[in-house]
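# Structure assessment
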Amino acid sequence: MTMIVKRWHTTAEVAEMLGFGLTKTKFLVLSGEIRSVKHGRHRRILPQWVDEYVAKVAEGQDT
């Protein structure tokens, strides 16, 4: 049996992980503060991109 591992997060999932509202998370994605790719009509975010954003904030490089 093959286990499928989720490799992408939706904007809503990232908002929940970070404890942010969906509007704020969409702003961060569209402004490029959280990296993403557009797949059709949707934005997808790699887990390491979420980690990069958290690291930037923790280092005080982001407001």
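Overview of the structure. (Residues numbered from 1 in each chain as written. Predicted model: local features only at pLDDT ≥ 70, side-chain atom pairs only at ≥ 80, totals over all residues. Heavy atoms only, no water.)

Looking now at the packing of helix α1 (residues 11–18) against helix α3 (residues 47–58). For the pair α1 and α3, the least separation of the axes is 12 Å and the interaxial angle reads 40 degrees. In terms of axis orientation, α1 runs oblique to α3. Crossing handedness for the pair α1 and α3: right-handed. Across the interface between the two elements, V14, M17 and L18 of α1 pack against V50, Y53 and V54 of α3. Looking at the contact of α1 with α3, its residues break down into six nonpolar, no polar and no charged. (Axes fitted to C-alpha atoms, helices over the stretch in contact; angles between N-to-C directions. Helix = DSSP H or I, 4+ residues; strand = E, 2+ residues; numbered from the N terminus. Parallel < 35°, antiparallel > 145°, perpendicular 65-115°, else oblique. Left-handed = near helix turned anticlockwise from the far one by under 90°. Contact = heavy atoms within 4.5 Å. Nonpolar A, V, L, I, M, F, W, Y, C, P; charged D, E, K, R; others polar.)

Buried within helix α2 (residues 22–30) we find T25, L28 and V29. One face of α2 carries all of its buried residues, which in axial projection span an arc of 100 degrees. Seen from the buried face of α2, the exposed residues on the opposite side, beyond 90 degrees, are T23, F27 and L30. Tucked inside the fold, the buried residues of α2 contact α1, β2 (42–44) and α3. Positive backbone phi, at 90 degrees, marks G32, one or two positions downstream of α2. (Buried < 20%, exposed > 50% of the residue type's maximum accessible area, 1.4 Å probe, protein only. Arc of directions from axis to C-beta.)

Of all hydrophobic cores here, the largest spans nine residues; its members are V14, L28, V29, I34, I45, L46, W49, V50 and Y53. Only α2 and α3 provide two or more residues apiece to this core. For this core, the leading source of residues is α3, giving three residues. Not counting chain neighbours up to four residues away, the residues in contact with V14 comprise H9, T25, I34, I45 and V50. (Core = buried A, V, L, I, M, F, W, Y, C linked by side-chain atoms within 4.5 Å.)

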